[in-house]
Amino acid sequence: MASSNHVTPTNCSWWPISAMDEDGKVADGEECEEPTAESRPFNKDRLVLYHWTQSFASQKVRLVIHEKGLVCDERDVSLPLQEHKEPWFMRLNLGEEVPVFLHGDTIISDYNQIIDYMEKNFVGEAVAQLIPDPDSPLHDRVQQYRQLLDGLPMDAYTHGCILHPELTADSMIPKYATAEIRRHLANAATELMKLDHEEPQLTEPYLSKQKKLMAKILDHDNVNYLKKILGELAMVLDQVEAELEKRKLEYQGQKCELWLCGPEFTLADICLGALLHRLKFLGLSRKYWEDGSRPNLQSFFVRVQKRYAFRKVLGDIHTTLLSAVLPNAFRMVKKKPPSFFGASFLMGSLGGMGYFAYWYLKKKYM
């Protein structure tokens, strides 16, 4: 399989296609946040991905894009700024969540379908193949671990660990996030009803989102449910640890880099690497592998973080929160410019955040 660990970084823009003419220019009355990124002519074969940087499914799709070495316009749809609830986005994917992938006239809003589409349509010697051919002995193994790891309830882990930090250790999420997410989830239902009245033609998607939201609140705030699924996660990681040990025995004495399913880096490794990164961010790494209980898993995590795609998409795990917060703050200012006093206060606050973040990271990691 071809390796794409040193591909050229993709171009990025935040402007929705719905606000653009076919020649790539912004429609009258609209102002583009990054006009230089939209100066080239419209291309029907152009790849566009709508995503959010902290969306787990979006992260895995972006990892696939970078591992395959594809040139793609990545457009951030901020969930904290409620951009996924805006009418243009709801029309784009019929109310589904990010990611959404566009290739010419093709629009795909399902995570698994996006990956399968890219594997089927983007092939060649210069493009990494992440799912082995069906006649390969590794094909079934890769698909087995893809389904196993993708089937884990990541939303529940994420929301549950934020709402119940007592179950974590060394979490990268600040304590105030617990109260903030409770406030955000409570307000989200009201906001959806408001949008429903403003855009009656989108009633079904809005109500569908509201029902999903309320179900998540009830499940993810249940500490007994969280303990149950974290126990099930431990059993899955035991299986992965055993599989990694099998690779060591299977290729003993051979000079090759070993991954979950064999010597080739595959989609299963993307799924596992993204999972471990999120668990580390949530404060669960000490519980599951940093205590020495799963040495193969720990070794895997160290190696996968060194890959170009992982460095590009996920970055330094210790600055993950800052990378999510700061862009949203600046984009909020661009959308609704504050008064001079408000702008000064905001910039001062951001500067203070950066200052304290620097000293915190320096003290803890330098």
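Residues numbered from 1 in each chain as written. Predicted model: local features only at pLDDT ≥ 70, side-chain atom pairs only at ≥ 80, totals over all residues. Heavy atoms only, no water.

Take the overall build of the protein chain next. Within the protein chain one finds 14 helices and four strands. Taking all 366 residues of the protein chain together, the buried fraction comes to 47%. Counting contacts in the protein chain only where the partners sit at least 6 residues apart, residues at least 24 apart contribute 70% of the total. (Helix = DSSP H or I, 4+ residues; strand = E, 2+ residues; numbered from the N terminus. Buried < 20%, exposed > 50% of the residue type's maximum accessible area, 1.4 Å probe, protein only. Contact = heavy atoms within 4.5 Å.)

Two numbers describe how helix α4 (residues 139-150) lies on helix α8 (residues 223-250): the axes approach to 11 Å, and their chain directions differ by 155°. When the interaxial angle is binned, α4 and α8 end up roughly antiparallel. At the point where α4 passes α8, the crossing takes the left-handed sense. Of the residues in α8, those touching α4 at R141, Q144, Y145, L148 and L149 are V236, Q239, V240, E243, R247 and E250. Split into classes, the residues belonging to the contact of α4 with α8 amount to five nonpolar, two polar and four charged. (Axes fitted to C-alpha atoms, helices over the stretch in contact; angles between N-to-C directions. Parallel < 35°, antiparallel > 145°, perpendicular 65-115°, else oblique. Left-handed = near helix turned anticlockwise from the far one by under 90°. Nonpolar A, V, L, I, M, F, W, Y, C, P; charged D, E, K, R; others polar.)

Now for helix α1 (residues 56-68). Between the first and last C-alpha of α1 there are 19 Å, a value that for 13 residues agrees with the 18 Å anticipated at 1.5 Å per step. Within α1, twelve of the 13 residues are buried, leaving the element largely enclosed by the surrounding structure. Turning to α1, its buried residues are F56, S58, Q59, K60, V61, R62, L63, V64, I65, H66, E67 and K68. Two residues or fewer past α1, G69 is found with a positive phi of approximately 75°. (Expected span 1.5 Å × (residues − 1).)

Spatial ordering of the open sheet is given by β2-β1-β3-β4, a layout of four strands whose pairing is mixed. The sheet is open, and its two borders are formed by β2 (73-76) and β4 (106-108), each paired with just one other strand. If you compare each strand with its neighbour and ignore which way they point, the axes differ by 15° on average. The pairing of strand β1 (residues 47-51) with strand β3 (residues 100-103) spans four bridges and is classified as antiparallel. Its bridge partner lying in β3, L49 is registered against F101. Taken strand by strand, α1 contacts β1 and β2, and its axis lies near 155° from that of β1. Along the sheet, helix α3 (residues 111-121) makes contact with β3 and β4, crossing β3 at roughly 30°. (Pairing = 2+ DSSP bridges.)

Moving on to the pattern of salt bridges. A complete count under the given rule lists 15 salt bridges for this structure. As a salt-bridge pair, E243 and R141 come within 3.9 Å of each other at their nearest N and O atoms. Of this pair, E243 sits in helix α8 while R141 is found in helix α4, placing the two residues 102 residues apart along the sequence. Close ionic contact of K228 with E232 constitutes a salt bridge, the shortest N to O distance being 2.7 Å. Of the two residues, K228 and E232 both sit in helix α8, four residues apart, roughly one turn of that helix. (Salt bridge = Lys/Arg side-chain N within 4 Å of Asp/Glu carboxyl O.)

Attention now moves to unusual backbone geometry. Both trends apply: most residues other than glycine have a negative phi, and most peptide bonds are in trans. Between V98 and the following residue, P99, the backbone shows a cis peptide bond with an omega angle of 5°. Among the secondary structure elements, P99 is positioned in the loop between α2 (87-93) and β3. Of note in the backbone geometry, D170 takes a positive phi value of approximately 60° without being a glycine. Following the sequence through the fold, D170 ends up in the loop between α5 (154-163) and α6 (176-198). Since its relative accessible area comes to 43%, D170 is described here as partly exposed.

Here the focus is the packing of α5 against helix α9 (residues 267-282). Orientation of α5 relative to α9, taken along the N-to-C sense of each, is 15°, at an axis distance of 10 Å. Relative to α9, α5 is oriented roughly parallel. With respect to the hand of their crossing, α5 and α9 are arranged in left-handed fashion. From α5, M154, Y157, T158 and C161 reach across to α9, where they touch L275, R278 and L282.

What follows concerns the environment of L237. Locating L237 in the fold gives a position in helix α8. In this structure, the C-alpha to C-alpha distance between L237 and L276, residues 39 residues apart in sequence, is 9.9 Å. Once residues within four sequence positions are removed from consideration, L237 is found in contact with L275, L279, Y288, R294 and L297.

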